[in-house]
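What follows is the residue order along each chain.
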Amino acid sequence: MKPTAQPPGTAPGKPLLLYDGECSFCRAWIARWRRVIGERIEYAPYQDAASRVPAIPRERFAHAVHLVEPDGRHSQGAEAVFRSLAHAPGHGWGLWLYRFLPGFAPASEWCYRRVARHRPAFDRLTAWIWGPHLVPPGETLTAWIFLRVLGAAYFIAFVSLWTQILGLVGSQGILPAHGYLESIRAHYGAIRYWYLPTLVWLDASEGALHALCAAGSLLSLLLVAGIAPVASLAGCWALYLSLATVGQAFLWFQWDGLLLETGFLALFLAPWRWQSRPGSDPPPSRLALAMLRWLLFRLMLSSAVAKLASGDASWRDLTALQYDYETQCLPPWTAWHMHHLPAWFHHLSAALMFVVEGLVPFLIVAPRRIRFAAGAAVVGLQVLIWLTGNYGFFNLLAGALCLLLLDDGVWPWRWRAAREARM
């Protein structure tokens, strides 16, 4: 809109956003935007502040939000929303689309008018999709719980490997680590440390392999206890990478790579302090949280794509589960019972699996309750796999990533009250 003279009463250098203070839908969304924008702009119900901008007829405020900027620019509706959000770092993309993408401005204004005319219905829809927390309650407690579950996954991985390490890569093992490193040394020379990063270069003895597993187990327990979480995570990651590198074919499974990638990204999520406490930890990094959610998305979607692209027709015609239970590695006793269920059940199970792995991941970026439902679906699938298969810590780790789809508003009130009492 064409700029006009600066309205009297507006704060110099600070835009003024006016909204309908009698509309619960408007108040809720203003509170959400305020969480994003902060105090970079001023917020006021038009019932109280319309007199500050006499150039705008009062009746117009009842139909849309209005933004009045210090230079006199006045905007309303969707444009006012995008201009307001553009004051928050990283949220200017909507205004850019509004200004430069053909058709975006009229489409967004049309949508805004539809919503404005049916605010009671959209108020109910908002409550259904977001629940009581349209304003994000944060993820500090959620991140604290996630790091403890990750520590438990590390502990299971280290202890399990500890009991097998000598038989796998010991001096008398199936694929001795010492011989493997010697062949790498002879072939790659000085660049061997870059090609094969492992602490086992320092000592490949059986005692050293035991020591690495023991140290990893101890550090994972420190992570569960919240002691020096960043240092504990860094140690767990370095130790497991060292063991996975010399573990060769025994530690090149999907869950080994997933543990290493999750552990690395978690370094940027963990608080930099000696003792992690949910009541005093700082909010987790938004970028780290997004990257871990992106990891979950890639994990699930790639699982579906790998099956369909494998060339195995049994996945495409949904008959694979008729054979999977009896051909998987180390099938548990439950697999025998699953294998003998009717063919129609296996077809339905395969179809639902593809829905969870191939479609549900796209709901990770959906509004709050839909995102929670997506996480529940993935966790449900992981529980079923855990009950009927034998995949070590994989299911626990995938479930831990699903925790990061939640926020602090889902945890029991007593947990949240205890956290708030310590802040």
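Residues numbered from 1 in each chain as written. Predicted model: local features only at pLDDT ≥ 70, side-chain atom pairs only at ≥ 80, totals over all residues. Heavy atoms only, no water.

Take the environment of arginine 192 next. In this structure, arginine 192 sits in helix H10 (residues 192-195). Arginine 192 sits 11 residues away from leucine 181 along the chain, and the two C-alpha atoms are 8.9 Å apart. (Helix = DSSP H or I, 4+ residues; strand = E, 2+ residues; numbered from the N terminus.)

Bringing a nonpolar patch on the surface into the picture now. Nonpolar side chains collect at one region of the surface, where Val379, Val383, Leu384, Trp386 and Leu387 lie side by side and expose about 470 Å² of accessible area between them. If you trace the backbone, tryptophan 386 turns up in helix H19 (residues 368-388). (Patch = residues over 30% accessible without salt bridge, like charges linked within 9 Å, V, L, I, M, F, W, Y side chains within 5 Å. Areas by Shrake-Rupley, 256 points an atom, 1.4 Å probe, with all protein chains shown as cover. Salt bridge = Lys/Arg side-chain N within 4 Å of Asp/Glu carboxyl O.)

Attention now moves to helix H11 (residues 206-225). For H11, built from 20 residues, the straight-helix expectation of 28 Å at 1.5 Å per residue is met to within 8% by its first-to-last C-alpha distance of 29 Å. For H11, the set of buried residues is Ala208, Leu209, Leu212, Cys213, Gly216, Ser217, Ser220 and Leu223. Buried residues belonging to H11 abut helix H7 (140-162), helix H8 (165-169) and helix H12 (229-247). A positive backbone phi angle near 80 degrees is found at glycine 226, which sits one or two residues after H11. (Expected span 1.5 Å × (residues − 1). Buried < 20%, exposed > 50% of the residue type's maximum accessible area, 1.4 Å probe, protein only. Contact = heavy atoms within 4.5 Å.)

A few words on the pattern of salt bridges. Evaluation of the coordinates by the stated rule reveals 10 salt bridges. In this structure, the salt-bridge partner of arginine 185 is glutamate 182, at a minimum N-O distance of 3.5 Å. With a gap of 3 residues between them, arginine 185 and glutamate 182 both fall in helix H9 (residues 177-188), about one helical turn apart. Ionic pairing is found between aspartate 407 and arginine 368, a salt bridge with its closest N-O pair at 2.6 Å. Here arginine 368 lies in helix H19 and aspartate 407 lies in the loop between helix H20 (394-403) and helix H21 (413-422), a separation of 39 residues in the sequence.

Within the fold, threonine 126 resides in helix H6 (residues 119-130). The exposure class assigned to threonine 126 is buried, which follows from its relative accessible area of 10%. In this structure threonine 126 touches Phe25, Trp29, Gly131 and Leu134, once residues within four positions along its chain are discounted.

Across the interface, helix H3 (residues 77-85) lies against helix H4 (residues 93-100) with an axial gap of 7 Å and an inter-helix angle of 135 degrees. When the interaxial angle is binned, H3 and H4 end up oblique. As H3 packs across H4, the resulting crossing turns out to be left-handed. Along its contact with H3, which presents Ala78, Glu79, Phe82 and Arg83, the element H4 presents Gly94, Leu95 and Tyr98. (Axes fitted to C-alpha atoms, helices over the stretch in contact; angles between N-to-C directions. Parallel < 35°, antiparallel > 145°, perpendicular 65-115°, else oblique. Left-handed = near helix turned anticlockwise from the far one by under 90°.)

Before going further, it helps to spend a moment on the pairing of strand E1 (residues 16-19). Of the two faces of E1, the one lined by Leu16 and Leu18 and the one lined by Leu17 and Tyr19 are each fully buried. Here 3 bridges tie E1 to strand E3 (residues 66-68), and the two strands are oriented antiparallel to one another. Paired with leucine 18 across the bridge in E3 is histidine 66. (Pairing = 2+ DSSP bridges.)

To continue, consider the nonpolar core. Of all hydrophobic cores here, the largest spans 74 residues; its most connected members are Phe146, Tyr154, Leu233 and Tyr240. Other than its neighbours up to four places away in sequence, tyrosine 240 contacts Tyr154, Ala157, Phe158, Leu251, Asp256, Leu259, Leu260 and Phe393. Formed by 20 residues, the second largest nonpolar core is a distinct cluster that contains Cys23, Trp29, Ala80 and Leu85. (Core = buried A, V, L, I, M, F, W, Y, C linked by side-chain atoms within 4.5 Å.)

This part covers the environment of valine 365. One can find valine 365 in the loop between helix H18 (343-358) and H19. Look at valine 365 and you get exposed, because its relative accessible area is 76%. Along the primary structure valine 365 and arginine 35 are separated by 330 residues, whereas in three dimensions their C-alpha atoms are 18 Å apart.

Function-wise, these values are silent; they only describe arrangement.
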